[in-house]
Each structure stands twice: as C-alpha cells, then as structure tokens.
Amino acid sequence: PGVAPPPIPQPVQWFAAVNGQQLGPFDGNAMAQNVQSGQVTRETMLWKQGMAAWTAAGQIPELAGLFNAPPPMPPPMPPPMP
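My aim in this report is to walk through the structure given alongside it, one point at a time. Keep in mind it's a predicted model, so treat the numbers as computed, not measured.

## Quick word on unusual backbone geometry
Along the chain, Gly-24 connects to Pro-25 via a cis peptide bond; the corresponding omega equals 10 degrees. Structurally, the position occupied by Pro-25 is in strand β2 (residues 21-26). Here the phi dihedral of Asn-19 falls at roughly 50 degrees; this positive angle occurs in a residue that is not glycine. You can see Asn-19 is positioned in the loop between β1 (14-18) and β2. Using a relative accessible area of 76% as the deciding quantity, one classes Asn-19 as exposed.

Okay, structure coming up:
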C-alpha cells in the first residue's frame, strides 16, 4: 500500500543530422524505415534525450541490429505457367 506504479515509458525519439540539417523526431519504427531506405547509415549522426553528444548510428548499441539485419528477400519464384 502507498507504492505508486512506475511511470509509463515514453517512446524514444531520435534526431538525425543529414546533409547539414536536423531531422526528426523519429520513433523506433520510423528509424528502422530510414535505415532500410538508406537515409540513415552507420555514419549518420544521431541523438536522443539522455545522450551526451551526437553519435554515429553504427556506434549506438540499441540500433546495431538495424544495420546487421539482412535485407528482406522475396519468396521463391512461382513455377512456370504451362
């Protein structure tokens, strides 16, 4: 009794430095899409609240999986039509 529940976690909001401009905020899904499209690379400088400085995306542990994931592969080709 008398113990309050922990606060609801807030979604991470990423900011990116691209071509001399600050872009964002991006949530995790948008960041994954930006990596997949090539807009964000390992060298793109990113920042989120709590980080001391802008950091290259490839050096951020929580984003490493986005760069190591293989590209999506299409399903096998259908058999030729008779």
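## Some thoughts on the nonpolar core
Core analysis: the largest hydrophobic core is formed by 13 residues, its most contacted members being Trp-14, Met-31, Val-40, Leu-46, Ile-60, Leu-63 and Phe-67. Sorting the residues of this core by element identifies β1 and α1 (28-37) as the ones contributing at least two each. In terms of residues, this core owes the most to one element, β1, which gives three residues.

Reading the values: the criteria
- Residues numbered from 1 in each chain as written.
- Predicted model: local features only at pLDDT ≥ 70, side-chain atom pairs only at ≥ 80, totals over all residues.
- Heavy atoms only, no water.
- Helix = DSSP H or I, 4+ residues; strand = E, 2+ residues; numbered from the N terminus.
- Buried < 20%, exposed > 50% of the residue type's maximum accessible area, 1.4 Å probe, protein only.
- Core = buried A, V, L, I, M, F, W, Y, C linked by side-chain atoms within 4.5 Å.

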